[in-house]
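Observations on chain architecture
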Amino acid sequence: MKWEYITDPNDMSWKKLLGINGKSKYSRMVGAFDIETSNVVAKSDGEIDNEHSFALPYSFQFGFTSKNGEKIFYLFRKPEEFIYFLKKMNENVGRTVCFFIHNAGYEFEHIKHYLKEIAPLETFEQDDFFFNNSRRKVLYFRVGKLEFRDSYQLEQMSLRKVGENLAEKGVVDILKGDMDYTPIRTPETPLTDSEIDYMLQDVNILCELWKSLLATYKTPAGTPLTNTGKVRLQIKEAMKEHKDVLTTIKAISPSYYAMIVNREAMYGGYTNANYYNYFKVHEDVSCFDIASAHPTAMLTMKFPMGKVSELGANSFSDDFIPELRNLYKTHCFWSRFRFTNLLTSSNHPAIYKSANHKSENAEYFNGKLVSADMLEISLLDRDLFYILKQYTYDSVEIIDTVFISKAERLPIELRKFIYEQYYKKTAYKNVKGREVEYKLSKVNINSIFGVCAMNPIRDAFTLAFESMEIFKVAPYTGTKYEGYPIDVAYMMKSADKKLEDCYISELWGAYVTMYTRLRVFELIDIVGSRFLYCDTDSVYYTKDGITEDENKRILDAVDAINKRVENEFKESWEDELLEVTDEYYNPESDEYYNLNTSKILPEELKPPKDPAGAVHPIGIWEFDGHYKKFASRGAKSYLVQKDDGTYKLTHSGLPKKAVSEFQGVDGFKKFLNPSGFTISASTGYHKSKIYQHHPLEGDIVDYLGNEYHYYVPSSLVIYNSEYSTNKLANIFPKGLTFYSANGII
């Protein structure tokens, strides 16, 4: 047995870890909580029976650690032991004890009905429960003086990976292998020593995670709830030198309606397959990808940095496009537009289906608009200009208001912080002794955009305490705070305050994605009909049959873009450049002459070198690989064969290892089957969930043959399920000869 543990819920040995924590509302003792469950998937006539499927908890384990590192572990088998233990703790702690749960939304579904037995129902408040706005997953919840936080939201990696990172620091030992969760276990099923070791290992990892975080943030009160929160604090620290930054951000001050339209124009990364080359196997395929695309946009491009003003549609003439182009020279702008009779034959239609507010007779491919009799859409400045170039249309008009803000680069302190993360991510990769800094910088640079993309316009969720069900509050409408229900107004103000505190404007995220999207469009336009597929910051194209001249044209164009990006990067640091003068010495006159003066980047802003000595300027198109074969079924779905003969799969809903289903002679044929493909549940490659909201009671037999009577008030069942793709849709986009061109029909 690796760890000693306590099984008596009356044992209050944990009290010796509490300590005294000054004026903080939190105890110095922090905890970790985890449960183990058996998934019982019921079937009726060979089909999954959702109504009678459930997950049965058979173990509740806790870990506690103090400031000096002392630990205590508890393991309970029955819900009533778990309830009694936490009830006694809640009654006997003077200050709040904070727990980590990895993927708290899972545990919450199993224990939510027990919470009313731990603390009186009348003590519950809506602020005690905070849910993710998109999937209603709980981010944290409080019961009396016990607070539970989701450590996954903070670390953004599996618990196993958290443990491996801590093992690199020498603070934990990771057990080899994994526990087999397929056998049915109950609270009365005997557990082996090795099984208990695996259970307690998880809470031990979370205890060590607490210790590493508290070394930085000092108390639970100062510890962020999310990974984005960690980056937000670092940005705040980096921006302290910019004395006027908070005033600058507050001065941008968009109206609520301006924020709404800006968020409507935020479409995210562009992912698509060329419908002229779609559903075919292509050979001799190359891929380019942008080195840190979103950070590059934030470093080099201009964003809304002045007070947002509003111009009515009547401020412009009927021929308003030239006026907007002139406005764009000094300002960012965004608005809602109405088009009639839109049509494109482009291989990468720029308008997202999710972006339109109202349309008539619209036709799409892969979620991108091919044609429409009428379309109303919110657009940022350069998105509008690109659409005007890519589509034909009969008319375009401004629907109501044009929002404008002076266009400037982001605050220099923020840009320095961003570049520092890129530099470390590139220079410290695979460098011994720099592993922690590398991983931190990699997480940071991926999260910086998340800070900018934080949506202050959130739907609110509320918890019905009697039923413990989550309900959505009506989405926001109207002016900024006035006229809203108290809880909605509270959330809006809270979101705005977070944005102000981290010195970030809520308007910037949409512009970051626009700039990256237009970079991708630029390269697609260069490779032309050879374009196969793109995903956010990468472009695949076929070189099959390419001439030497055409290949040179593409590579020269990529080189020209890269030189432009490097120049844009240098120009963005105009005030930081160092002046260097070349001198010539004349020995005959013993005098020095100045030949020319140039400006160069300081050392900390020069392109980083990787451990092999290769230089990596940020934002350039880098060659990302060559493939023997490539095929796509659409967005987020492609299969490649590498030059070494191995295969790689990317398909939404399947893990990378599912590539095993498509290797060999018939792999591409199976992948491109017009009727779709099916992957058996026995592979374990696809999982489904059943949220069981009503109680179930009955008898069950465990894997050892022992019968157990169960009562489960609610649960979340996760099980291996069959995966099937859709059939090829029989739709002809207007103006295209897509199917016949590809030989599909």
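Residues numbered from 1 in each chain as written. Predicted model: local features only at pLDDT ≥ 70, side-chain atom pairs only at ≥ 80, totals over all residues. Heavy atoms only, no water.

Counting 102 residues, the largest nonpolar core has Leu324, Phe337, Phe339 and Trp508 as the members making the most contacts within it. Here this core gets 13 residues from one element, more than from any other, and that element is helix H16 (residues 508-527). Filtering out sequence-adjacent residues up to four positions away, Phe339 remains in contact with Asp373, Met374, Leu375, Ile377, Leu379, Leu384, Ile387, Leu388, Tyr393, Ser395 and Val396. In this structure, Ile6, Leu17, Phe64 and Phe131 belong to the second largest nonpolar core, which totals 44 residues. (Core = buried A, V, L, I, M, F, W, Y, C linked by side-chain atoms within 4.5 Å. Buried < 20%, exposed > 50% of the residue type's maximum accessible area, 1.4 Å probe, protein only. Helix = DSSP H or I, 4+ residues; strand = E, 2+ residues; numbered from the N terminus. Contact = heavy atoms within 4.5 Å.)

Excluding glycine, a negative phi dihedral is what most residues carry, and trans is how most peptide bonds are arranged. If you check the backbone angles, Lys218 has positive phi at about 75° while not being a glycine. On the secondary structure map, Lys218 appears in the loop between helix H6 (193-217) and helix H7 (227-238). Overall, the relative accessible area of 63% leaves Lys218 in the exposed class. Positive phi is not limited to glycine here, since Asp284 has a value of about 55°. Its place among the elements puts Asp284 in strand E11 (residues 282-290). When its relative accessible area of 28% is taken as the criterion, Asp284 is described as partly exposed.

To continue, consider the pattern of salt bridges. Enumeration according to the criterion identifies 27 salt bridges in this entry. The salt bridge partner of Glu164 is Arg160, with a shortest N-O separation of 3.9 Å. In this pair, Glu164 and Arg160 both sit in helix H5 (residues 159-168), four residues apart, roughly one turn of the helix. The partner of Glu437 in a salt bridge is Arg434, with the nearest N and O atoms 2.8 Å apart. Taking the relative accessible area as the measure of exposure, Glu437 reaches 30% and is therefore partly exposed. In this structure Arg434 comes out as partly exposed when scored by relative accessible area, which is 31%. Overlapping salt bridges bring together Asp128, Arg142, Glu147 and Arg149 as one network. (Salt bridge = Lys/Arg side-chain N within 4 Å of Asp/Glu carboxyl O.)

The subject of this paragraph is the sheet that holds strand E27 (residues 647-651). Pairing in this open sheet of seven strands is antiparallel, and the strands run E10-E21-E22-E11-E25-E26-E27 from one edge to the other. Both edges of this open sheet fall to strand E10 (271-273) and E27, since each of them pairs with a single strand only. Strand-to-strand twist of the sheet, defined as the mean angle between neighbouring strand axes without regard to direction, takes the value 30°. Strand direction decides the pairing type here: strand E26 (residues 637-642) and E27, joined by five bridges, are antiparallel. Looking at the pairing, Tyr638 lines up with Thr650 of E27. Contacts between helix H17 (residues 548-571) and the sheet are confined to E11, strand E22 (538-542) and strand E25 (621-634), with E25 contributing the most and set at about 125° to the helix. (Pairing = 2+ DSSP bridges. Axes fitted to C-alpha atoms, helices over the stretch in contact; angles between N-to-C directions.)

Axis separation between helix H10 (residues 293-300) and H16 bottoms out at 9 Å; the angle between their running directions is 110°. As judged from the angle between their axes, H10 and H16 are roughly perpendicular. Crossing of H10 against H16: the hand is right-handed. Mapping the contact onto sequence places Ala293, His294, Thr296, Ala297 and Met298 in H10 and Val512, Thr513, Tyr515, Thr516 and Arg519 in H16. (Parallel < 35°, antiparallel > 145°, perpendicular 65-115°, else oblique. Left-handed = near helix turned anticlockwise from the far one by under 90°.)

Examined against the element boundaries, Arg530 turns out to sit in the loop between H16 and strand E21 (531-535). Taking relative accessible area as the criterion, Arg530 reaches 11% and is therefore assigned buried. When the C-alpha positions of Arg530 and Tyr541 are compared, they lie 5.2 Å apart, and in sequence the two are 11 residues distant. Those residues in contact with Arg530 that sit more than four places away from it in its chain are Asn277, Tyr540, Tyr541, Thr542, Lys543, Asp544, Gly545, Ile546 and Glu550.

Attention now goes to the environment of Ala614. Here Ala614 lies in the loop between strand E24 (591-600) and E25. Assessed through its relative accessible area of 34%, Ala614 is described here as partly exposed. Distance in space between the C-alpha atoms of Ala614 and Ala427 is 9.7 Å, their sequence separation being 187 residues. Once you skip the residues sitting within four places of it in the chain, Ala614 turns out to touch Pro608 and Lys609.

Per-residue pLDDT for the protein has a mean of 87; in total, 88% of the residues score no lower than 70. The low-confidence segment residues 476-488 (pLDDT under 50) makes 29 contacts with residues lying over four places distant or belonging to another chain. Below a pLDDT of 50 lies the segment residues 730-745, which in the model reaches 34 contacts outside its immediate sequence neighbourhood of four places, other chains included. (pLDDT = per-residue confidence, 0-100.)

Okay, the packing of helix H14 (residues 435-453) against H16 next. The geometry of H14 relative to H16 is characterised by a closest axis approach of 7 Å and an angle of 130° between their N-to-C directions. Viewed along their axes, H14 and H16 adopt a mutual orientation that is oblique. Counted together, Phe449, Cys452 and Ala453 of H14 and Trp508, Gly509, Val512 and Thr513 of H16 form the full contact between these two elements. Its residues placed into classes, the contact of H14 with H16 shows five nonpolar, two polar and no charged. (Nonpolar A, V, L, I, M, F, W, Y, C, P; charged D, E, K, R; others polar.)

This next bit is on the sheet that holds strand E7 (residues 129-131). Pairing is mixed across the open sheet formed by seven strands, whose spatial order is E5-E4-E1-E6-E9-E8-E7. The sheet terminates laterally at strand E5 (71-76) and E7, the two strands that pair on one side only. The average undirected angle you get between the axes of adjacent strands in this sheet is 20°. Across three bridges, the pairing between E7 and strand E8 (residues 138-143) is antiparallel. Across the sheet, Phe131 pairs through a bridge with Val138, a residue of E8. Packed on one face of the sheet, helix H1 (residues 79-92) meets strand E1 (26-40), strand E4 (54-65), E5, strand E6 (96-101), E8 and strand E9 (146-150) and runs near 35° to E4. Contacts from H6 reach E1, E4, E5, E6 and E9, with the element oriented near 145° to E1.

Turning next to the pairing of E26. The buried fraction of E26 is high, at five of six residues. Relative to E26, E25 runs antiparallel, the two sharing six bridges. Note that in E26 the partner of Ala631 across the bridge is Leu639. The antiparallel hairpin formed by E25 and E26 contains two residues in its connecting segment, where Lys636 sits at a positive phi of about 60°. Hairpin connection of E26 to E27: four residues between the antiparallel strands, including Gly645 at a positive phi of 95°.

Okay, the side chain of Asn227 next. In this fold, Asn227 is placed in helix H7. In this view, Asn227 contacts Gln153, Leu154, Gln156, Val443 and Ser447; residues no more than four positions away in its chain are not counted.

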